[in-house]
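What follows is the residue order along each chain.
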Amino acid sequence: MTNVDVNTRVERVEKLPPVSNQIQEKIDAFGHEDNAFAIGNLGDIIRKHRIWKECFPRIEPFYAVKCNDVDPVIRILADMGLSFDCASKIEIQKILDLGVDPSRIIYANTFKQSSFLKYAAEKGVSLMTFDCEDELEKIKKVYPEAKLVLRICPQSNYKVKFHLGRKFGCHPLRTSELFQVARRLQLNVIGVSFHVGSGCLETGAFAEAIEQSREVFDIGLAMGFNMHLLDIGGGFPGKKIQNVETNITFKEIGRVANKSLDKYFPGNNVRIIAEPGRYYVASAFTIAVNIITKKIVMDEEIVQPNSTECGDDPTTENKPVRMYVINDGIYGCFFECFIDPRCYVPSHFKSIDKELYNSTIWGPTCDALDLIIDNVKLPDLSTGDWIYFKDMGAYSFPTISTFNNMPRVNEFYTCERQLWEEVYQP
Ligand SMILES: Cc1ncc(COP(=O)(O)O)c(C=O)c1O
């Protein structure tokens, strides 16, 4: 068990107060310190794993490291016995450094740099995905013993927030060709994988993808491959705030996916794995930010996108807009608003019966794209006030850049003792 570092960073408490109190406690303890900070609740991750095991007793989770790779998170996941989906040499290295056996890693990037593949071969990380002929040729040269999983791009019209199919996956109709190439190269194809897209909005996406995987599986079997693994990817929701991410729940996905698995992959002769990312970590983190500047402008004065004129939009009313610039933004933990502008919900410490005003929230860099929330109703806040955002654990830390050299958020970790002791017996 590798809990030494975690022990030094995680505050264990009998009972966790509401997150607003935890934030206030930290602010009080800082004095004049005003850097943005994150509170990570590892107990939330422990609970998520419990729910995973209840909903998906048949499916082994390979946590997608790309989603949140901070040390305490990957350590607790490793210590709970999870396996990992890695996308690069450094991710593989990080997971191996935790003492995780190479057999608990899938190299699930269909595009692998040759030197990374060589590293995987040296370390014995043999399970990996592919979706094109070129990748098979490379694997043949560098790691011919690898255990290969063909990633397909399921054909469906179900809604997801972030489609991955334009870049990844092979059209199910082209899979025979790829199997033939693998056959000619004498490579070892053992299974099929898919990813319905991150932020799945309809459970049917999983049902359809599992059915299509069965067809591809049968093609592989008919061509003589020893097909025995299905990887159902990621895409499971992980936020607590409803309707921000998706209307469907993890449990609903579980019900639908299990039913399809029982129908198309009955029995126990096929190993089923998944690559959940946001499910495990999204709700575990809250980020508190400080308002560094408040600027009030009139609606009409704002230059609209695609315009050089102020206020040339006839629909704007000439009302004041409160612009709040906070000390973290899209180059920090708020990268996801690039692709989903409505994904963040701010909370504040003002009483809820205060009057609300049109507001925008901006990040701290000199980039005018560094806009976190446009058009949100907030009470009148001031420079120096703190606001906070829940559900910030997914795709926040790994996407932080050094643009403008703004500081990285400080991280604090906490866990309820009883949950901690489920993983680390006292
Ligand atoms: C190959 C792969 N697996 C798993 C994931 C994790 O997806 P999610 O965080 O939606 O569960 C991703 C995310 O982009 C991915 O690309």
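Residues numbered from 1 in each chain as written. Predicted model: local features only at pLDDT ≥ 70, side-chain atom pairs only at ≥ 80, totals over all residues. Heavy atoms only, no water.

How would you summarise the nonpolar core if you had to cite specific residues and measurements?
Core analysis: the largest hydrophobic core is formed by 113 residues, its most contacted members being Ile45, Tyr63, Phe84, Ile232, Phe236 and Phe389. Among the elements that take part in this core, helix α9 (residues 204-222) stands out by supplying six residues, more than any other. Residue assignment places this core across two domains, with domain 1 (43-282) and domain 2 (284-415) each supplying three or more. What phenylalanine 236 contacts, discounting residues up to four positions off in sequence, is Trp52, Phe56, Phe206, Phe250, Ile253, Ala274, Pro276, Arg278 and Tyr279. Residues Phe30, Ala288, Trp386 and Tyr388 belong to the second largest nonpolar core, which totals nine residues. (Core = buried A, V, L, I, M, F, W, Y, C linked by side-chain atoms within 4.5 Å. Buried < 20%, exposed > 50% of the residue type's maximum accessible area, 1.4 Å probe, protein only. Helix = DSSP H or I, 4+ residues; strand = E, 2+ residues; numbered from the N terminus. Domains from an automatic or database assignment. Contact = heavy atoms within 4.5 Å.)

Tell me about helix α6 (residues 114-123), residues and numbers included.
Among the residues making up α6, those that are buried are Leu117, Tyr119 and Ala120. Looking down the long axis of α6, one finds its buried residues gathered within 155° of arc, a one-sided arrangement. Away from its buried face, by an angle of more than 90 degrees, α6 presents the exposed residues Lys118 and Glu122. If you follow the buried residues of α6, they end up packed against α5 (89-97), β5 (105-107), β6 (127-130) and α7 (133-142). Following α6 by one or two positions, glycine 124 has its phi on the positive side, about 80°. (Arc of directions from axis to C-beta.)

Which residues make up the pairing of strand β14 (residues 320-326), and what values go with them?
Working note: regular strand, side chains alternate between the two faces of the sheet. Taking burial as the measure, the seven residues of β14 include six buried ones, the bulk of the element. Pairing geometry for strand β13 (residues 285-298) and β14, over seven bridges, is antiparallel. In the sheet register, lysine 294 faces β14, and the bridge partner there is tyrosine 324. The pairing of β14 with strand β16 (residues 357-362) spans four bridges and is classified as parallel. Across the sheet, the residue bridging to arginine 322 is serine 359, located in β16. (Pairing = 2+ DSSP bridges.)

I'd like to hear about the pairing of strand β7 (residues 147-151), residue by residue, with values.
Burial runs high along β7: four of the five residues are buried. Across four bridges, β6 lies against β7 in parallel orientation. Bridge assignment links leucine 127 to a residue of β7, and that residue is lysine 147. Once the chain exits β6 it traverses α7 before rejoining the sheet at β7, and the crossover so formed is right-handed. Here five bridges tie β7 to strand β9 (residues 188-193), and the two strands are oriented parallel to one another. The residue bridging lysine 147 from the neighbouring strand is asparagine 188, located in β9. (Right-handed = clockwise from strand over helix to strand, strands pointing away.)

Outline the domain arrangement of the protein chain, listing residues and values.
When the domains of the protein chain are assigned, the result is domain 1 (43-282) and domain 2 (284-415). Inter-centroid distance (C-alpha atoms) of domain 1 to domain 2 is 34 Å. Across the boundary between the two partners, domain 1 contributes 21 residues, which contact 22 residues of domain 2. A combined buried area of about 1700 Å² lies between domain 1 and domain 2, and 59% of that area is made up of carbon and sulfur atoms. The shortest N-O distance in the salt bridge between glutamate 336 and arginine 278 comes to 2.8 Å. Across the domain 1-domain 2 interface, the total number found is 10 residue pairs in polar contact (both at pLDDT 80 or more). Counting only elements with at least two residues in the side of domain 1 that touches domain 2, the list comes to α3 (42-55), α4 (71-79), β8 (160-162) and α11 (278-281). In terms of residue count, α3 provides more of the side of domain 1 that touches domain 2 than any other element does, four residues in total. Grouping the amino acids of the side of domain 1 that touches domain 2 by side-chain chemistry returns 11 nonpolar, three polar and seven charged. (Buried area = accessible area lost by both parts, 1.4 Å probe. Salt bridge = Lys/Arg side-chain N within 4 Å of Asp/Glu carboxyl O. Polar contact = N/O pair within 3.5 Å; in protein donor to acceptor, adjacent residues only side chain to side chain. Nonpolar A, V, L, I, M, F, W, Y, C, P; charged D, E, K, R; others polar.)

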